[in-house]
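Structure at a glance
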Amino acid sequence: MVSIRSLLLVFIVLFGVVVCQSRFRQIRYKNCKSKLDILSVEATECGESGTRCPFTRGSEPRIRIAFKPKQRINKLETAVRAKLGSVFVPFHLENNDACTGGNITCPLEVGKTYYYSQSVKILNEYPNVDVQVNWLLQNPEDQSNDGGRREACIIFLAKVV
Ligand SMILES: *[C@@H]1O[C@H](CO)[C@@H](O)[C@H](O)[C@H]1NC(C)=O
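Because the structure is a prediction, the values reported are computed rather than measured.

This part is about the packing of aromatic side chains. Using the criterion set out here, one finds 3 aromatic pairs in the structure. Ring centres of Phe91 and Tyr126 lie 5.6 Å apart, and the angle between their planes is 75°; on these two criteria the pair is classed as edge-to-face. Note that Phe91 is positioned in the loop between strand S7 (87-90) and helix H2 (98-101) and Tyr126 in the loop between strand S8 (114-119) and strand S9 (130-138), a separation of 35 residues in sequence. Both residues of the pair, Phe91 and Tyr126, belong to the buried class. Above the face of the Phe24 ring, Arg64 is positioned so that its terminal group lies 4.1 Å from the ring centre. Over the ring of Phe88 we find Arg81, and its NZ or CZ is 4.9 Å from the ring centre.

Okay, the pattern of salt bridges next. The final tally for this structure, using the stated rule, is 5 salt bridges. Residue Lys70 is joined to Asp37 by a salt bridge in which the shortest nitrogen-to-oxygen separation is 3.6 Å. Here Asp37 lies in strand S3 (residues 37-43) and Lys70 lies in the loop between strand S5 (62-68) and strand S6 (77-84), a separation of 33 residues in the sequence. Relative accessible area serves as the criterion here: at 34%, Asp37 is assigned to the partly exposed category.

Analysis parameters
Residues numbered from 1 in each chain as written. Predicted model: local features only at pLDDT ≥ 70, side-chain atom pairs only at ≥ 80, totals over all residues. Heavy atoms only, no water. Phe/Tyr/Trp six-rings, centres within 6.5 Å; stacked < 30°, edge-to-face > 60°. Helix = DSSP H or I, 4+ residues; strand = E, 2+ residues; numbered from the N terminus. Buried < 20%, exposed > 50% of the residue type's maximum accessible area, 1.4 Å probe, protein only. Lys NZ or Arg CZ within 6 Å of the ring centre and 35° of its normal. Salt bridge = Lys/Arg side-chain N within 4 Å of Asp/Glu carboxyl O.

Structure (structure tokens):
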């Protein structure tokens, strides 16, 4: 018979594995003229060393951006592009509505801290390359022409492994 103690041990080990894999770590990023205040950018599966996040094919890394809006935001959409050499390739997201799939509830209020979070599938078809990831949160209602719709703009380095 399986003892309770060994069951417990199995449970603890499994739990540890799950928790470790989904751990967020701060990543290095560049803020490309975000309108809102970016407080931190974290990702899972980014490891501890170096500046490039190794994104394993078949995995689904998650990003978390803590921010404070400077204006009230009713709608927010995610757009992710990867730069390979000089070519931009869009990343497909199942849900690009940040207000429903991004762990935030709209409308977003001025000065409140939000933790936007979204995962992205690293498909098995992706080539083994270094990429520059451009993560955007766009406000479709913002008609201003000073770089307007771009509420958040973040660039970080990754590689598909
Ligand atoms: C979702 O948002 C809450 C705060 O509203 C935050 O505490 C939590 O860490 C966020 N979840 C993820 C997966 O980022």
